[in-house]
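# Structure assessment
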Amino acid sequence: TAGTKFKKLCLQNKLNLLDASVRHLGTDINYIVLGNLYDQMKDHVEFYFDTPVETIEIIENGYRIVCENSETYECDKCIVSVGRSGSKWMEKVCRELEIPTSSNRVDIGVRVELPAVIFSHLTDELYESKIVYRTEKFEDRVRTFCMNPNGIVVNENTNGIITVNGHSYEGDEKKTENTNFALLVAKHFSEPFKDSNGYGESIARLSNMLGGGVIVQRFGDLVRGRRSTEKRIHENLVTPTLSATPGDLSLVLPKRIMDGIIEMIYALDKVAPGTANDDTLLYGVEVKFYNMEVELDQNLESCHKGLYVIGDGSGVTHSLSHASASGVYVARHIIGEEAK
């Protein structure tokens, strides 16, 4: 995105367009890539699917992996890579093994869905524009995340809590007339509060309580202080790609977060006119859980020699590309160690 004309347009409207290189696979192509990786490795690596790990134990000269089915595996080096969804399990392992951690953050917000043509001038050139806004009222950071041109909005199940996410496909047959993206407000907590993930979970559970899952609301209804109804959603100019419960997100999201999202939508409207239309749909809630940051050295090795923590579950990386790179980095480090 470096050098794009939209950088100036964003800065003129109190928005910061981040410089980033993006390669888009698409949900459909990603499945093929993963299949190819598996086919290449299956004759060299033992895979165990549907085998949840209960805990990790330290033994003489290595580690014992204890699974829920009571099977155990022993190794001299252990790499843990559980992703964001494994953050609670990672916290438990760190407590049991006395690995120091520090409190991290949680990102809470909504997924916005609008006609693809409104953002087409951005998505045609940039595909995914990462835009950051600092709110005037609270000086919180609000950012766009996971932009899906001509994509769909989907449910996501994290530890039994239903949140919202988005997909886009490479193949034309699955493209829609809508674009969706997340608007997330980053919340960093200070002492004595340490359970940032628990805070995000509580908000998501409240949404599930009120809507039986994901709630959808027209932007026009939100700013008028009224809930969306089945009738208003049905008559809406933007046809939702996810069947969600019409409701009132202001009953779910804290005022500070909601105010930040509304401010961001009006700011985006200046660079993509039509973003703040009454018919723009907001789905809630979207929560990005981050693991408490695990104390690791420069090789992503914990205080226990031979125990590495990689990916978003470490709290160190915050994206698919960074998580993947951390795996390659640790693999190279271990090969280098063994070659000495």
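Scope of this entry: the structure provided in the associated data block. This is a predicted model, so every value here is computed, not measured. (Residues numbered from 1 in each chain as written. Predicted model: local features only at pLDDT ≥ 70, side-chain atom pairs only at ≥ 80, totals over all residues. Heavy atoms only, no water.)

For the rest of this paragraph, the subject is the overall build of the protein chain. The number of helices and strands found in the protein chain is 9 helices and 17 strands. Taken over the C-alpha trace, the protein chain has a radius of gyration of 22 Å; the compact-globule value for 340 residues is 20 Å, and the two agree within 12%. The principal-axis extents of the C-alpha atoms in the protein chain amount to approximately 65 × 40 × 35 Å. In the protein chain, which comprises 340 residues, the proportion classed as buried is 48%. Across the protein chain, contacts joining residues at least 24 apart in sequence account for 71% of those joining residues at least 6 apart. Accessible surface, the protein chain as shown: approximately 17,600 Å² in total, 51% of it carbon and sulfur. In the protein chain, which carries 37 positive and 49 negative side-chain charges, the distance between the mean positions of the two groups comes to 7 Å. (Helix = DSSP H or I, 4+ residues; strand = E, 2+ residues; numbered from the N terminus. Rg over C-alpha atoms; globule rule 2.2 N^0.38 Å. Buried < 20%, exposed > 50% of the residue type's maximum accessible area, 1.4 Å probe, protein only. Contact = heavy atoms within 4.5 Å. Areas by Shrake-Rupley, 256 points an atom, 1.4 Å probe, with all protein chains shown as cover. Lys, Arg positive; Asp, Glu negative; His and termini not counted. Charge placed at Lys NZ, Arg CZ, Asp CG, Glu CD.)

Turning to the state of the cysteines, a few remarks are in order. Applying the stated criterion across every chain, the model contains 0 disulfides. Here Cys10 stays unpaired: no disulfide links it, and the sulfur of Cys146, its closest cysteine neighbor, is 18 Å away. (Disulfide = S-S within 2.5 Å.)

Another point: the sheet that holds strand 8 (residues 131-134). Strands sit in the order 1-8-9-12-7-15-13-14 across an open sheet of 8 strands; the sheet is mixed. Edge positions in the sheet fall to strand 1 (15-17) and strand 14 (245-246), since each of these pairs with one other strand and no more. Pairing analysis gives 4 bridges linking strand 13 (residues 215-218) to strand 15 (residues 281-289), with the strands arranged antiparallel. Pairing of Ile215 across the sheet is with Gly284, part of strand 15. Packing of helix 5 (residues 196-211) onto the sheet brings it into contact with strand 7 (105-115), strand 13, strand 14 and strand 15, and relative to strand 15 it is tilted by some 150 degrees. Seen against the sheet, helix 8 (residues 255-271) touches strand 1, strand 7, strand 8, strand 9 (141-148), strand 12 (178-188) and strand 15 and runs at an angle of roughly 135 degrees to strand 12. (Pairing = 2+ DSSP bridges. Axes fitted to C-alpha atoms, helices over the stretch in contact; angles between N-to-C directions.)

Okay, the environment of Val164 next. Note that Val164 resides in strand 11 (residues 161-167). With a relative accessible area of 0%, Val164 lands in the buried category. Not counting residues up to four positions away in its chain, the partners in contact with Val164 are Arg111, Val153, Val154, Val214, Leu242, Tyr283, Val285 and Glu286.

Now for the sheet that holds strand 4 (residues 72-75). For sheets, the rule is that strands pair by backbone hydrogen bonds, running either parallel or antiparallel. Here we have 3 strands laid out as an open sheet, ordered 2-3-4, and antiparallel in their pairing. Only two strands of the sheet have a single partner each, and these edge strands are strand 2 (53-59) and strand 4. Here the average twist between neighbouring strands, direction ignored, is 20 degrees. Taken together, the 6 bridges between strand 2 and strand 3 (residues 62-67) define a ladder with antiparallel strand orientation. Paired with Ile56 across the two strands is Ile65, which belongs to strand 3.

This part is about the nonpolar core. In terms of nonpolar packing, the biggest core is built from 44 residues, with Leu15, Phe119, Leu183, Leu253 and Leu268 touching the most fellow members. At 9 residues, helix 8 tops the list of elements feeding residues into this core. In contact with Leu253, other than residues within four places in its own chain, are Ile108, Gly109, Val110, Ile203, Met258, Ile261 and Val285. (Core = buried A, V, L, I, M, F, W, Y, C linked by side-chain atoms within 4.5 Å.)

Now for the packing of aromatic side chains. Considering all chains together, one arrives at 8 aromatic pairs under this definition. Connected via pairs of aromatic rings, a cluster forms that spans Tyr38, Phe47 and Phe49. (Phe/Tyr/Trp six-rings, centres within 6.5 Å; stacked < 30°, edge-to-face > 60°.)

The next subject is the pattern of salt bridges. Charged atoms that come close allow side chains of opposite charge to pair. Overall, the coordinates contain 25 salt bridges when judged by the stated rule. With its nearest N and O atoms 3.3 Å apart, the salt bridge here joins Lys130 to Glu128. Assessed through its relative accessible area of 26%, Lys130 is described here as partly exposed. Its salt-bridge partner being Lys305, residue Glu337 comes within 3.9 Å of it at the nearest N-O pair. Placement of the pair is Glu337 in helix 9 (residues 320-339) and Lys305 in the loop between strand 16 (293-294) and strand 17 (307-309), with a sequence separation of 32 residues. Salt bridges here are not isolated pairs; linked through shared partners, they connect Arg218, Asp221, Arg226 and Asp279. (Salt bridge = Lys/Arg side-chain N within 4 Å of Asp/Glu carboxyl O.)

Our next topic: helix 3 (residues 87-97). Helical geometry: 3.6 residues make up each α-helical turn, so side chains three or four residues apart lie on a common side. Among the residues of helix 3, those classed as buried are Ser87, Met90, Glu91, Val93, Cys94 and Leu97. On an axial view of helix 3, the arc spanned by its buried residues comes to 165 degrees, and they lie on one face. In the segment just after helix 3, Glu98 is the residue with positive phi, at about 55 degrees. (Arc of directions from axis to C-beta.)

Turning our eyes to something else, we now look at the pairing of strand 11. With 5 of 7 residues buried, strand 11 is to be regarded as a mostly interior element. Counting the residues that bridge the hairpin from strand 10 (residues 152-158) to strand 11 gives 2 residues, and of these Asn159 lies at a positive phi of roughly 55 degrees.

Mapping Asp28 onto the fold places it in helix 2 (residues 27-41). When residues no more than four places from it in sequence are discounted, the contact partners of Asp28 are Tyr169, Glu170 and Gly171.

For helix 9, built from 20 residues, the straight-helix expectation of 28 Å at 1.5 Å per residue is met to within 8% by its first-to-last C-alpha distance of 29 Å. Turning to helix 9, its buried residues number three or more, namely Ala323, Ser326, Val330, His333 and Ile334. The arc that holds every buried residue of helix 9, seen down its axis, measures 95 degrees, which confines them to one face. Turned more than 90 degrees away from the buried face of helix 9 sit Leu320, Ser321, Arg332, Ile335 and Ala339, all of them exposed. (Expected span 1.5 Å × (residues − 1).)

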